[in-house]
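Secondary and tertiary structure notes
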Amino acid sequence: MQRRSIAVAAAVAAATAAAVAFTLPSLAGTTPTGDSGTTKAGRGGGVSPQLLAAMKRDLGLDAEQATTRLARSKWAGGVTATLAAATGDSYAGAWLAKDGTTLKVAVTDSGAAAEVKAAGAVPVLVKRSESELDEAKSKLDRRVTAASGLTGWYVDAPTNKLVIVAQPGAKTDPVAFARKAGVPADAVTVKVSKQQPKPLFDVRGADPYFIAVDGGTARCSIGFSVEGGFVTAGHCGAAGTQTSGFNNQAQGEVKASVFPGNADMGFVEVNGDWTPRPVVNDFKGNELPVAGNTEAPVGAAVCRSGSTTGTFCGTILAKNQTVRYPEGAVTGLTRTDVCAEGGDSGGPWLSGDQAQGVTSGGSGDCTVGGETFFQPVNEILAANDLTLVTSGGGDTGGAAPTESAPAGEATAPAAACGDLPVQRDGSISQTGKAQAQPNGGTFRARAGTHTACLQSPDGADFDLVLQRLTRNGFRTVAQATGDGAKTLSVEQRSGTFRYVVVATSGSGAYSLGFNVQ
């Protein structure tokens, strides 16, 4: 079938990351404080007793409570991704309530609220969509140099507002700053904080590794094993940097590194002496299993491990923040109330046995407490065409085309059209016309797998296109052509998307099923 550029007239607000200003956790010296020797292997899948013990210490949860919360978190992660696609432009964020089991999903219209309730979550009707708040946040980003004493800002889904974080006695008035940027006062909340974050610098998650820096070496922590190496923080070495392992033996080379900018992520390719394994070192003589990478929602319990402090647990507080480090701003980080220290940078974050991200930076320490930010692991996998090494029992993640990659034919998903959870119907009146879905608008999606299936009307031939919103407008990232039902399955980084149904011949009613996981 003839291929062509697709253009559909639709008003779409560009989505941008939320922001908070902080310093990165510093790289540590060459002497690790935790054990990096042989540890006992964890079971393949399930929640390890060692992780449950850490959650009891840090969160006050017994084994049954912790297991229940982690299971609910995994369920909520999948449901949230589907509801974001199903509710489209009405979606305004999701979070687990303080009980750790009630999933709340904010939407801007009652029709979407019915979809949320049907999925087993609690709908919350709000004034502003997530896209509207992200656009307001981007206005603050553009005035970042005028924000003296303001440590950052981010979108807070539970309050449906932008939160501006300010140091005590900040020279810049937060509300006036927002007003000058074009953000109304009723969309802003001010939070005063003294926090001053900084970067925290066999292959096993959390094991220390060393990189060459001016005047010597510095230590970071391994994030998660991937095929051919491991992922870590981008500030833990530029591309081309040589690395050595916990035993000071040659280990590999940094092949990809982003910092600062739109991520704090890196990939180290290891040599043949090192074997990536699906485990995390807890520095108490045990290996915690990594079974998959289902993303946990705001409010979920999460634990991290690092070569300086070992394993600590807490709660996910916010996502998609822009963190202002002295080296520059980094977008798309996740904020937590878990402590960390220098040398923990790059280390892994787990929700149960599901990989969440790698340590970027934070403030405080594990004596007085603090906040720590992590780079979501699914973004690293998607951006660098990597596959997570897992023990089984979970999703493995995988590759995704970058924004510069050309769109191509996508492979068919296993599910039939009617089996996909998000269903939309439409009708095109004549050949050559196109229609955007869902409902003429867009939907937000985290990093993951987009699957879709289009059933054309009898006697007609419709094509299916998936487009991603970029700074230069929509770009086609996948398309399905040919005969019969059109199906696609493609990995993508987080962003704003739409499907375009194109009548290549004939006209009539069609049905579209899709999802993101």
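As a reminder, the structure under discussion sits directly above these lines.
Overview of the structure.

Criteria and thresholds
- Residues numbered from 1 in each chain as written.
- Predicted model: local features only at pLDDT ≥ 70, side-chain atom pairs only at ≥ 80, totals over all residues.
- Heavy atoms only, no water.
- Helix = DSSP H or I, 4+ residues; strand = E, 2+ residues; numbered from the N terminus.
- Areas by Shrake-Rupley, 256 points an atom, 1.4 Å probe, with all protein chains shown as cover.
- Disulfide = S-S within 2.5 Å.
- Pairing = 2+ DSSP bridges.
- Axes fitted to C-alpha atoms, helices over the stretch in contact; angles between N-to-C directions.
- Phe/Tyr/Trp six-rings, centres within 6.5 Å; stacked < 30°, edge-to-face > 60°.
- Buried < 20%, exposed > 50% of the residue type's maximum accessible area, 1.4 Å probe, protein only.
- Lys NZ or Arg CZ within 6 Å of the ring centre and 35° of its normal.
- Contact = heavy atoms within 4.5 Å.
- Core = buried A, V, L, I, M, F, W, Y, C linked by side-chain atoms within 4.5 Å.

Along the protein chain, the regular secondary structure elements total six helices and 33 strands. Surface exposure of the protein chain reaches about 19400 Å², of which carbon and sulfur atoms provide 49%.

With that settled, consider the environment of leucine 150. Secondary-structure assignment places leucine 150 in strand S4 (residues 150-156). As for leucine 150 and proline 174, which are separated by 24 residues in sequence, their C-alpha atoms are 7.3 Å apart.

Moving on to the state of the cysteines. Taken as a whole and judged by the stated rule, the model has four disulfides. Covalent S-S linkage joins cysteine 220 and cysteine 236, the inter-sulfur distance amounting to 2.0 Å. Negative torsions about the S-S bond denote left-handed disulfides, and the value of about -80° found for cysteine 220 with cysteine 236 makes this one left-handed. Taken as a pair, cysteine 220 in strand S10 (residues 216-221) and cysteine 236 in the loop between strand S12 (229-232) and strand S13 (242-244) lie far apart in primary sequence, 16 residues in all.

The next thing to look at is the sheet that holds strand S5 (residues 161-166). Within the open sheet, the three strands sit side by side as S4-S5-S6. Their pairing is mixed. Looking at strand neighbours, the two that pair on one side only are S4 and strand S6 (188-192), the edges of this open sheet. Across the sheet, the axes of successive neighbouring strands diverge by a mean angle of 25°, strand direction being ignored. Summarising the sheet, S5 and S6 pair through five bridges and their orientation is parallel. Bridge pairing links valine 163 to threonine 189 in S6.

The next point concerns the packing of aromatic side chains. Summed over the entire model, instances satisfying the criterion amount to ten aromatic pairs. Between the aromatic rings of tryptophan 349 and phenylalanine 374, the centroid separation amounts to 4.8 Å while the plane-to-plane angle is 35°, which identifies the pairing as tilted. With tryptophan 349 in strand S21 (residues 348-351) and phenylalanine 374 in strand S23 (residues 369-376), this residue pair connects regions lying 25 residues apart in the sequence. Here the two residues tryptophan 349 and phenylalanine 374 agree in accessibility, since each one is buried. Pairing tyrosine 499 with phenylalanine 514 gives two aromatic rings, centres 5.1 Å apart and planes at 50°, and the pair type is tilted. In this pair, tyrosine 499 is assigned in strand S32 (residues 495-505) and phenylalanine 514 in strand S33 (residues 508-516), connecting sequence segments 15 residues apart. Accessibility expressed as a relative area gives 0% for tyrosine 499, which makes it buried. Cluster of aromatic residues (ring-pair linked, three or more members): Phe443, Phe497, Tyr499 and Phe514. Over the ring of phenylalanine 312 we find arginine 57, and its NZ or CZ is 4.6 Å from the ring centre. The ring of tryptophan 75 carries the charged tip of arginine 72 above its face, separated from the ring centre by 3.9 Å.

What follows is about the pairing of strand S25 (residues 422-428). Burial along S25 is one-sided: Val422, Arg424, Gly426 and Ile428 are buried, while Gln423, Asp425 and Ser427, pointing the other way, are not. Where S25 and S33 come together, seven bridges link them in antiparallel fashion. Considered in S33, the bridge of glycine 426 is made with tyrosine 510.

So, about the environment of leucine 333. Checked against the element boundaries, leucine 333 lands in strand S20 (residues 328-336). When the C-alpha atoms of leucine 333 and glutamine 375 are compared, they prove to be 5.0 Å apart, with 42 residues separating the residues in sequence. Aside from chain neighbours lying at most four places away, what touches leucine 333 is Lys319, Asn320, Gln321, Val323, Tyr325, Ser360, Phe373, Phe374, Gln375 and Pro376.

Below, the discussion takes up the nonpolar core. Counting residues in hydrophobic clusters, the biggest one holds 31 residues, and the most contacted among them are Met55, Phe224, Val231, Val280 and Val290. Counting residues per element, the ones that place at least two in this core are helix H1 (49-59), helix H2 (63-87), strand S11 (224-226), strand S15 (265-270), strand S18 (301-306), strand S22 (354-365) and helix H6 (377-384).

Spatially, S25-S33-S28-S31 is the arrangement adopted by the four strands of the open sheet, whose pairing is antiparallel. A strand with exactly one partner marks an edge of an open sheet, and here the two such strands are S25 and strand S31 (486-492). Mean inter-strand twist for the sheet, computed between neighbouring axes without regard to direction, equals 20°. Pairing of strand S28 (residues 448-455) with S31 involves seven bridges; the strand directions are antiparallel. The residue of S31 that forms the bridge with leucine 454 is lysine 486.

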